[in-house]
Amino acid sequence: MRIIQQVEEITETARGWLSGGTVGFVPTMGRLHEGSLSLIRAACQECEISVVSIFANPKQLGSNQDWSLTPLFLEEDLEQLRAAGVDVVFIPREEDIYPPYFSTYVIPSGPLAERFEGAISPEHFRGVATSITKLLLLIRPDLVYFGQKDAQQVAIIRQLIRDFHIDVSLRVLATVRDSEGRPLSGRNSRLSPAEQRAALLVYQSLLAGKVLIEQHEYRSAVIEQAITDVVATEPLISLEYVAICDPETFQELPEVRPGALLAIAAQVGTIRLIDNILLRDDGTWQI
Ligand code: PAF
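Every residue gets a number counted from 1 within its own chain, in the order that chain's sequence is written. With pLDDT at 70 or above as the cut-off, local features in this predicted model cover only qualifying residues; side-chain atom pairs require 80 or more to be listed or tallied, and sums for whole chains, interfaces and linings still use all residues. As a rule here, side-chain values cover all heavy atoms of the structure and leave hydrogens and water aside.

Caption draft 1: Region of interest: the site of the ligand. Near the ligand, the surroundings consist of P27, T28, M29, Q60, S131, I132, F146, D150 and Q153. In this structure, Q60 approaches the ligand through a side-chain N or O atom, which is 2.6 Å from an oxygen atom. Separating an oxygen atom of the ligand from a side-chain N or O atom of Q153 is a distance of 2.7 Å. In these tables, accessible area is a Shrake-Rupley quantity obtained with a 1.4 Å probe, and a residue counts as shielded only by the protein chains included in the view. Protein chains bury 85% of the 290 Å² of accessible surface belonging to the ligand in isolation. Secondary structure elements are defined from DSSP: runs of H or I of at least 4 residues count as helices, runs of E of at least 2 residues count as strands, and each element is numbered from the N terminus. For the shell around the ligand, the secondary structure elements donating two or more residues are strand 2 (23–28) and helix 7 (124–139). Nearness is judged by heavy atoms alone; a residue qualifies as near a molecule or strand once a single heavy atom is within 4 Å of it. Under the rule applied, a polar contact is a pair of N or O atoms within 3.5 Å (in protein, one hydrogen donor and one hydrogen acceptor; residues adjacent in sequence only if both atoms are side-chain atoms).

Structure follows, in structure tokens:
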């Protein structure tokens, strides 16, 4: 496994990809878990060359979000990447990605960028879009992998790829959940045992919505209320939003229809969690 830190070296390496076959890229912020590893394993399986970046992008992390990448985390991450069979790991330094004279941002705009996650942290998607654009330009992959758990991030990236005619295919893989249903996230390790039990209710509230839909209740307001009622039973949860929306535009839907996304964000203790389930076009669920 080759570890690259220099921007010049990844540029030079990417120039040589053409002869090597399909390049699959998984951007990460480190602290890998089974969710990120599922994307990485897919990239290793589906592509001749697999590239993973580890960059705790400061431009998307709010000031209250602790995402320090200690050398210990990094060692563990590298061990897991080696075991998965990754070919190249790109670990740029913050000052190389955002040098002092850095001044050009990619700013997603319009309702998609302003709703839900965009409303809660207006700078977040600017940070994501800017760093992903840079990474795609540097690495020039054929495929780029994202997880469905961050559904609005996926929609933003899909739009970014379209808007800038970026020659890359977007692969979106299902959320990986623990045995009880909680979506895996780097933040879960910071939940206390009581918060972990509460976090389960966030997922179960979405399932309560699913049950209603299966009983032919399609009015979004009724389903959203049912989801809200489930999380309201847990004092550790403070609901931020629940939404039934189009997964591409994040426009709210008055009625559930095939292709609708049920999304939720809640503060559990001091940790912010998001989750979603998707009613696919063929009427089956992606959970
Ligand atoms: O989902 C993440 O971990 C980050 O938003 C990403 C895609 C690596 C961009 O920094």
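Caption draft 2: Representation of the nonpolar core in the model. What we call a nonpolar core is a set of buried Ala, Val, Leu, Ile, Met, Phe, Trp, Tyr and Cys residues that are connected through their side-chain atoms within 4.5 Å. Residue burial is assigned from relative accessible area. The probe radius is 1.4 Å, only protein chains are included, and a residue is buried under 20% of its type maximum, exposed over 50%, and partly exposed in between. In this structure, W17, V51, F90, I132 and I139 are the most contacted members of the largest nonpolar core, which totals 30 residues. Those elements that provide at least two residues to this core are helix 1 (7–15), strand 2, strand 3 (49–54), strand 4 (88–90), helix 7, strand 5 (143–147) and helix 8 (151–163). For this core, the leading source of residues is helix 7, giving seven residues. Setting aside its immediate chain neighbours within four residues, I139 contacts I10, A14, W17, F25, V51 and F90. One finds V202, L206, L253 and A266 within the second-largest nonpolar core, a separate group that totals 25 residues. Two residues form a contact once any of their heavy atoms are found within 4.5 Å.

Caption draft 3: Quick peek at the side chain of R182. As for its placement among the helices and strands, R182 is situated in the loop between strand 6 (169–173) and helix 9 (193–214). Looking at R182, its side chain comes within polar contact range of the main-chain oxygen of Q196, at 2.6 Å. Excluding its chain neighbours within four sequence positions, the residues that come into contact with R182 are V176, R177, Q196, R197, A199 and L200.

Caption draft 4: Spatial organisation of the pairing of strand 3. In terms of burial, strand 3 is largely enclosed, as six of its six residues are buried. Every second residue of strand 3 is oriented toward a common face, with I49, V51 and S53 on one face and S50, V52 and I54 on the other, all of them buried. Only when DSSP finds a minimum of two bridges between them are two strands counted as paired. Pairing of strand 2 with strand 3, which is carried by six bridges, proceeds in the parallel orientation. What sits directly across from V23, in strand 3, is I49. Handedness of the crossover joining strand 2 and strand 3 through helix 2 (residues 34–46) is recorded here as right-handed. Where strand 3 meets strand 4, three bridges bridge the pair, whose relative direction is parallel. Within strand 4, the residue paired with V51 across the bridge is V88. When the strands point away from the viewer and the path from the first strand over the helix to the second turns clockwise, the crossover is right-handed.

Purely geometric stuff here, so don't read any function into it on its own.
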